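# Understanding the architecture of this molecule
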Amino acid sequence: MNMLIFIIAGLLVHCVFLASIFDIYFTSPLVHGMTPQRTPLPPPAKRLVLFVADGLRADTLYELDDNGTSRAPYLRSIIEYKGSWGVSHTHVPTESRPGHVALIAGFYEDVSAVAKGWKENPVEFDSIFNESKYTWSWGSPDILPMFAKGASGDHVYTYCYTAEKEDFGAQDATKLDTWVFDHVKNFFQAARSNQTLFSKVNEEKVVLFLHLLGIDTNGHAHRPNSREYKDNIRKVDEGINNIVSMLEDFYGNDGKTAFILTSDHGMTDWGSHGAGHPSETLTPLIAWGAGVNYPQKVASQFFEDEFLKEWKLEKWKRLDVNQADIAPLMASLIGVPFPLNSVGILPLDYLNNSAHFKAESMFTNAVQILEQFKMKMTQKKETTLSFLFTPFQLLSDTEQINILRKARSYIHQEKYHEVVSLCETLISLALEGLSYYHTYDRLFLGISVVMGFVGWTSYVILLIVKTHTSLTRSTQDNKASTVLLLYGFAAIGILIAFFLLIQTCPWTYYIYCLLPVPVWYAVVKEFRVIQDLVSLLLVFPLGQSIGFLVAGALGIEILVFSFFYRSTLTVGLIAFAGWPLITRLWAQAKVTTLSWTLLCLLLAMFPLMPVVGREPNISLVTVASLVILLISSFSLAFLCKSKNKYVPKKDLTVLLFQMLSIALSTYVVNSTHSSLHHKQGLPVINQIISWITLASSLFVPLLSPTFFFQRLLSILLSLMSSYLLLSTGYEALFPLALSGLMFAWIYMEKEALQHYGDSLKTKLAVLNFSYTTDITQFRQLHLDDIRRSFFFVFFIVTAFFGTGNIASVNSFDPASIYCFLTVFNPFIMGSLLVWKIAIPFVLVSCAFEAVQVTTQLSSKSLFLIVLVISDIMALHFFFLVKDYGSWLDIGTRFPSQ
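My aim in this report is to walk through the structure given alongside it, one point at a time. Everything numeric here is computed off the predicted structure, so don't read it as measured data. Every chain begins its residue count from 1, and numbering advances along the sequence as written. Two thresholds apply to this predicted model, a pLDDT of at least 70 for residue-level local features and 80 or more for giving and counting side-chain atom pairs, whereas whole-chain, interface and lining totals are computed over all residues. Side-chain calculation: all heavy atoms of the structure are included, whereas hydrogens and water are not.

### Section: the pattern of salt bridges
Formally: Within this document, salt bridges are pairs made up of a side-chain nitrogen of Lys or Arg and a carboxyl oxygen of Asp or Glu, the two lying within 4 Å of each other. Helix numbers and strand numbers start at the N terminus; a helix is a DSSP run of H or I with at least 4 residues, a strand a run of E with at least 2. Note on classification: 1.4 Å probe, protein chains only; a residue is buried when its accessible area is under 20% of the maximum for its type, exposed when over 50%, partly exposed between these limits.
Under the criterion given, the structure shown has 25 salt bridges. With its nearest N and O atoms 3.3 Å apart, the salt bridge here joins Arg192 to Asp249. Of the two residues, Arg192 is situated in helix α7 (residues 175-193) and Asp249 in helix α10 (residues 227-250); the sequence distance between them amounts to 57 residues. On the accessibility criterion, Arg192 (46% relative accessible area) is partly exposed. Accessibility expressed as a relative area gives 54% for Asp249, which makes it exposed. The residue Arg787 makes a salt bridge to Asp784 at a minimum N-O spacing of 2.8 Å. Taken as a pair, Arg787 and Asp784 lie in helix α31 (residues 783-801) at a separation of three residues, close to a single helical turn.

This is the structure:
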């Protein structure tokens, strides 16, 4: 196969494989076309006020200060005298967008939503705001627009401050919440003199949404245990008190206003969120006002978290809910239809209303979720042949009708408790059925995609054996059999396409199901190679064959295991340290072997260190910069000595510029963190230097000499200058240890080749990357080259996971990007973090290229072995993909793919 065609085919197969993950595991669960359902009885409230304190932890709000007083005295008084309270259990990922969608729309957003970011909706959805008569909202430009854009008609109004105000380095982030409170007061002051506005705010089914971002911002900047975070809670408490008083005065204390305070997510002690730690998933819920139950005193109550005694709230009944349950609660209070895609279950204990109202509300909730189930079933039935369709047995059409009739009959008989119990059963079955139909095609698509990918991997193995080894005989293909084979596979493709056509399947199904056809045609076409390979394996000693297979399988499993348990990398590096002893290389090159062993053991320490939860330690960043400056100084002295104390002016200028960049980066890191610590913001000059350093690091290495040592050193210095700017602690030392091991690896591979008699010993110092490689000097692959490729993949994994997790892009310490920006911008922040993660990867890739040159192998041959190893890993991860959990949990299944 032509190399260009091979590359295009490989890209196509891998793109399809990656896209299939989203089609199989992460399609949107939402369906449309349902009939809105509302409680037929009059609601208790005319309007609802929703306070969402972004990033507020339940324990930090409910606990008492050291002096025994509450840091939120007004909300504490609500719990004790006016309303109901509990903990809202959020779902992972604990992020602002999915948290608000769960609160306001009542469903847990799927992972595909992150592709559109915070402000756009990948699939339009219904919400409390959309169902309301009017909604006015104040707060962040990252949250409010997505609910306004998804609303039908012109009745959702947003008032946002500018994105520049969301500054982690700001002197006082509480100004974000003050802005919201002030603008709400000004809005109602203006309503008194504006008759049109006055009439609108006095309508029924009105929602007022106050998004309070200051607590989240202070938590990221200063940590949740800081004085700033706790003071912000006091400010929010005062602001809510003032808003409630103002609204009661405005509406003449008509008793028709319901209030709810909650949070979209919590926050870890180290100022991050996104995963499933209790500090992230436990958020407060306090409700009071029209239609809400008053405090209920209890003699005792039990919760597994055992927070009640700590909070001194064991006497007041705690009512826990799932986050999506808050949406039906709000809909019930103001009498709007339940959001069409809501999967929340109405928490009846929060309602202060008649048993009849509760039963009708629960019945409405059940019908609303059942409508989704019926629509999902109808859609799947329309795209499946009738004799192949397998319905959800637990909730047949007859069963649905029986349950609904029985529930309505109980309502007429005033057996309200039985109605509630029956509706809860129906909701449980409907939710289970929704999941069943949502994953209906998962097995079928998974088998199709795996067949295509296994075929591709098999073809690559055959290509390696055919073109880069001497294991096969050169034979001419039989044209007649090739044509027959082509017609046979074409017929199979036509049959598959016809089967998909009569089922009116989506166009992506054609790609997933037809891709295996040409791939396996290419495999079967290499029948002669397969014959030669099988013949060779039959004469090969059985014990050795099994040993190689076991070693290969064990190596792959270690790589896969390291994605979940970073300590596996430590075990692997310790094993690598002993490699020269096993192969007797130590006797040939003692100094090189000792360096390799010590550097392996040094690097093995990093995966044992914590990923998150550490406090910034800028001193370690400074130490790393001093070490790299010391290394570069020794290198400069060595170059001057080796070239008769003369270095070309251009080369000297490049090296000195890179050393200056390292020194400047060190100054910027220390200066920026000192400035932010004193709440003076990010100095503009530091920001300019940081971006210039980042930009220059991409092209300055191209100006360096092309000799082996100078070019690799130049790449290290340039990358370290930007890496230091993105570091906050021990991770700044990681590229130094990694690059040291990479230099040792290059020398070890040269010694290994010499040890097996495959090469004459040449000096690496004279190796010049600019020289055209003589392809006649390329050798054939040996078994030891599989080991080289495995080392490369292992080092790549170590580069990604050595100090953290590439999957936890959303759960990082914002302090790592403070030298570049402090204003919230998820995409720039994410890009900077990805670049930080990619720097060790670049170092390993450069070393691998040097290994390829020094071991006289074509880059294509080693690349193909690496491709096979990576593809086998990808198949592992395909079966381990989860469509639930935090971005971290989900992401650990993605990187190899």
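From this point, the narrative continues.
### Overview of the pairing of strand β2 (residues 84-89)
The two faces of the sheet receive side chains in turn, since in a regular strand these alternate between them. For the record, the criterion: When DSSP finds at least two bridges between two strands, those strands are taken to pair.
The buried fraction of β2 is high, at five of six residues. Relative to strand β7 (residues 282-289), β2 runs antiparallel, the two being bridged by six bridges. Bridged to Ser84 within β7 is Ala287. Sheet analysis places β2 next to strand β8 (residues 321-322), joined by two bridges and oriented parallel. Its bridge partner being in β8, Ser88 is matched across the sheet by Val321.

### Overview of the environment of Pro284
For the record, the criterion: Contacts are assigned to residue pairs with any non-hydrogen atoms lying within 4.5 Å of each other.
Tracing the backbone shows Pro284 in strand β7. Discounting chain neighbours no more than four positions away, the residues touching Pro284 are Leu56, Arg57, Ala58, Leu61, Tyr62, Gly86, Ser88, Leu261, Thr262 and Ser263.

### Considering helix α22 (residues 542-562)
For clarity, the threshold we go by: Each helix should span, by expectation, one fewer than its residue count multiplied by 1.5 Å.
For α22, which comprises 21 residues, the first-to-last C-alpha distance of 30 Å matches the rise-based estimate of 30 Å (1.5 Å per residue) to within 8%. Listed in full, the buried residues belonging to α22 are Ser545, Gly555, Ile556, Leu559, Val560 and Ser562. Buried residues along α22 sit in contact with α21 (527-539), α23 (567-577), α31 and α33 (859-880).

### Some details on the packing of aromatic side chains
Here is the rule we go by: Planes of paired rings set the category: under 30 degrees apart is stacked, over 60 is edge-to-face and the rest tilted, where pairs are Phe, Tyr or Trp rings (Trp by its six-membered ring) whose centres lie within 6.5 Å.
Counting across every chain of the model gives 59 aromatic pairs. With a centroid separation of 5.0 Å and an interplanar angle of 75°, the aromatic rings of Tyr62 and Trp85 are classed as edge-to-face. With Tyr62 in helix α2 (residues 58-62) and Trp85 in strand β2, this pair connects stretches of sequence that are 23 residues apart. Judged by relative accessible area, Tyr62 falls into the buried class, the value being 2%. Relative to Phe879, the ring of Phe878 lies with its centre 5.7 Å away and its plane at 85°, an arrangement referred to as edge-to-face. Judged by its relative accessible area of 1%, Phe878 falls in the buried class.

### A few points about the side chain of Arg787
As a reminder of what qualifies: Two N or O atoms count as a polar contact when they lie within 3.5 Å, although within protein this holds only if one can serve as hydrogen donor and the other as acceptor, and sequence-adjacent residues are included solely when both atoms are side-chain atoms.
The exposure class of Arg787 is buried, given its relative accessible area of 16%. Side-chain polar atoms of Arg787 contact the side chain of Asp784, separated by 2.8 Å. With residues near it in sequence (within four places) discarded, Arg787 still touches Trp579, Trp745, Glu749 and Ala752.

### Points about the packing of helix α18 (residues 479-502) against helix α20 (residues 516-525)
Between two packed helices, both the angle of their axes relative to each other and the distance between the axes serve to describe the pair. Short version of the rule: Here, axes are lines fitted to C-alpha atoms. For helices the fit covers the stretch in contact, and angles between N-to-C directions go from 0 to 180 degrees. Orientation is classified from the angle alone, with under 35 degrees giving roughly parallel, over 145 giving roughly antiparallel, 65 to 115 giving roughly perpendicular, and any other angle giving oblique. Two helices that cross are described as forming a left-handed crossing if the nearer one is turned anticlockwise from the farther one by less than a right angle, and a right-handed crossing if clockwise. Amino acids are sorted into nonpolar (Ala, Val, Leu, Ile, Met, Phe, Trp, Tyr, Cys and Pro), charged (Asp, Glu, Lys and Arg) and polar (every other residue, Gly among them).
Orientation of α18 relative to α20, taken along the N-to-C sense of each, is 160°, at an axis distance of 10 Å. Taken together, the axes of α18 and α20 are roughly antiparallel relative to one another. For α18 against α20, the interelement crossing comes out right-handed. Here Thr482, Leu485, Leu486, Phe489, Ile492, Gly493 and Ile496 of α18 come into contact with α20, specifically with Val517, Trp520, Tyr521, Val524 and Lys525. Each residue belonging to the contact of α18 with α20 can be placed in one class, and the counts come to nine nonpolar, two polar and one charged.

### Side note on a nonpolar patch on the surface
Selection rule: Patches here are clusters of residues that have more than 30% relative accessible area and form no salt bridge, with a 9 Å joining cutoff for like charges and a 5 Å cutoff for nonpolar side chains (Val, Leu, Ile, Met, Phe, Trp, Tyr). Note that accessible areas follow from Shrake-Rupley with a 1.4 Å probe, and for residues the cover is restricted to the protein chains shown.
On the surface, Phe387, Leu388, Phe444, Phe498, Phe499, Leu501 and Ile502 cluster together to form a nonpolar patch covering roughly 690 Å² of accessible area. For the nonpolar patch, the leading source of residues is α18, giving four residues.

### Observations regarding unusual backbone geometry
One non-glycine residue with positive phi stands out, namely Asn253, at about 50°. Here Asn253 is to be found in the loop between α10 and β6 (257-262). For Lys312, which is not glycine, the phi torsion reads 60° and is therefore positive. The topology assignment puts Lys312 in the loop between α12 (308-311) and β8.

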